[in-house]
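Coordinate analysis (summary)
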Amino acid sequence: YETVLRVANPAFANVVRILAWTGARPSTICKVEARHYMPDLLLWDVEDLYKGRKSKRKYVRRIWLSPQAIELVERLNREHSEGPIFRNSKGEPWTPDTLGIYLYQLQHKFSETKKLAWPEGLCLYGLRHTFATSFIREHPDKLEYLRELLAHKDLKMIRLHYGHLFDEHQAMHKVLQSFRPV
């Protein structure tokens, strides 16, 4: 993360930061516009981006914004009041493909010229997993919040991918120790 921020251009660094701060999918971030920002709720209402889709597997209603994300979002909203707010250095909106291409080129350019070692399998979607892992480590008792933050319809995916990070069996017994039903 820090290496990418250090060697990437500012436009790409903005995308990397927002992905790390929100846990959002890169494909959604590429479509976010200034009109999606709800300053009173400190979130993006992006439900319109998913209406009319045939697949209901991935359906995002809102993206919650952390305090550090708010400043970036408000600045980009002022710069790009129409159309997507995340744009490359030429002013063109990023797409998931162009983000992937830029990261690939960045890795190859700097591994040769600056001898930077890049981890195997580095991808932008990995920031979503890093966000989820960090959240669980800090708030293992707030999985429902994480479900909402990641825009999952239930906890099944969180248990499948991150279940090894929390012990629900042990947590259940801890709750039962102090529970007095009568």
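1. Quick word on the overall build of the protein chain
When helices and strands are counted, the protein chain shows nine helices and three strands. Traced from its N-terminal end to its C-terminal end, the protein chain shows the element sequence α-α-α-β-β-β-α-α-α-α-α-α. Long-range contacts, defined here as pairs at least 24 residues apart, represent 52% of the contacts in the protein chain between residues at least 6 apart. Surface accessibility of the protein chain: about 11600 Å² in total, with carbon and sulfur atoms responsible for 55%. One way to put it: in the protein chain the 29 positive side-chain charges average out to a point 4 Å from where the 21 negative ones average out.

2. What about the pattern of salt bridges?
Summed over all chains, the structure comprises eight salt bridges. One salt bridge in this structure joins Arg-147 and Glu-144, with 2.5 Å as the shortest N-O distance. With a gap of three residues between them, Arg-147 and Glu-144 both fall in helix α7 (residues 143-150), about one helical turn apart.

3. What to know about the sheet that holds strand β1 (residues 37-38)
Read from one edge of the open sheet, three strands run β1-β2-β3, paired in antiparallel fashion. The outermost strands of the open sheet, each flanked by one partner alone, are β1 and β3 (62-64).

4. Examining the nonpolar core
Core analysis: the largest hydrophobic core is formed by 42 residues, its most contacted members being Phe-12, Trp-44, Phe-86, Trp-94 and Leu-106. Listed by contribution, the elements that provide at least two residues to this core are α1 (2-7), α2 (10-22), α4 (67-79) and α5 (96-113). Per-element accounting of this core gives the leading share, seven residues, to α2. Once residues lying within four places of it in the same chain are set aside, the contact partners of Trp-44 are Ile-18, Ile-29, Val-32, His-36, Tyr-37, Arg-61, Arg-62, Ile-63, Leu-65, Val-73, Ile-85 and Phe-86.

5. Notes on α7
Since the α-helix turns once every 3.6 residues, residues separated by three or four places project in the same direction. Listing the buried residues of α7 in full gives Leu-143, Leu-146, Arg-147 and Leu-150. Along the axis of α7, the buried positions cluster into a sector of 105°, meaning they face one direction only. Remark: Ala-151 follows α7 within two positions and exhibits a positive phi of approximately 65°.

6. Comments concerning the packing of aromatic side chains
Each aromatic ring pair is described using two quantities: the centre-to-centre distance and the angle formed by the ring planes. Taken as a whole and assessed by the stated rule, the structure comprises four aromatic pairs. Ring geometry for Phe-12 and Tyr-102: centres 4.4 Å apart, planes at 40°, overall tilted. Note that Phe-12 is positioned in helix α2 and Tyr-102 in helix α5, a separation of 90 residues in sequence. Among the residues examined, Phe-12 registers a relative accessible area of 0% and is labelled buried. Centroid distance Trp-94 to Tyr-102: 5.8 Å. Interplanar angle 75°. Geometry classified as edge-to-face. For the pair formed by Trp-94 and Tyr-102, the shared burial category is buried.

7. Notes on unusual backbone geometry
Located in the positive-phi region is Leu-42, a residue other than glycine, with phi close to 60°. Of the residues examined, Leu-42 reaches a relative accessible area of 41% and is grouped as partly exposed. Of note in the backbone geometry, Ala-151 takes a positive phi value of approximately 65° without being a glycine. By secondary structure assignment, the location of Ala-151 is in the loop between α7 and α8 (156-162). When its relative accessible area of 16% is taken as the criterion, Ala-151 is described as buried.

8. Things to note about the side chain of Ser-66
Among the secondary structure elements, Ser-66 is positioned in the loop between β3 and α4. Among the polar contacts made by the side chain of Ser-66, one reaches the side chain of Gln-68 at a distance of 3.2 Å.

9. Observations concerning the environment of Ser-178
Within the fold, Ser-178 resides in helix α9 (residues 168-178). Ser-178 sits 12 residues away from Phe-166 along the chain, and the two C-alpha atoms are 20 Å apart.

Cut-off values and rules
- Residues numbered from 1 in each chain as written.
- Predicted model: local features only at pLDDT ≥ 70, side-chain atom pairs only at ≥ 80, totals over all residues.
- Heavy atoms only, no water.
- Helix = DSSP H or I, 4+ residues; strand = E, 2+ residues; numbered from the N terminus.
- Contact = heavy atoms within 4.5 Å.
- Areas by Shrake-Rupley, 256 points an atom, 1.4 Å probe, with all protein chains shown as cover.
- Lys, Arg positive; Asp, Glu negative; His and termini not counted.
- Charge placed at Lys NZ, Arg CZ, Asp CG, Glu CD.
- Salt bridge = Lys/Arg side-chain N within 4 Å of Asp/Glu carboxyl O.
- Pairing = 2+ DSSP bridges.
- Core = buried A, V, L, I, M, F, W, Y, C linked by side-chain atoms within 4.5 Å.
- Buried < 20%, exposed > 50% of the residue type's maximum accessible area, 1.4 Å probe, protein only.
- Arc of directions from axis to C-beta.
- Phe/Tyr/Trp six-rings, centres within 6.5 Å; stacked < 30°, edge-to-face > 60°.
- Polar contact = N/O pair within 3.5 Å; in protein donor to acceptor, adjacent residues only side chain to side chain.

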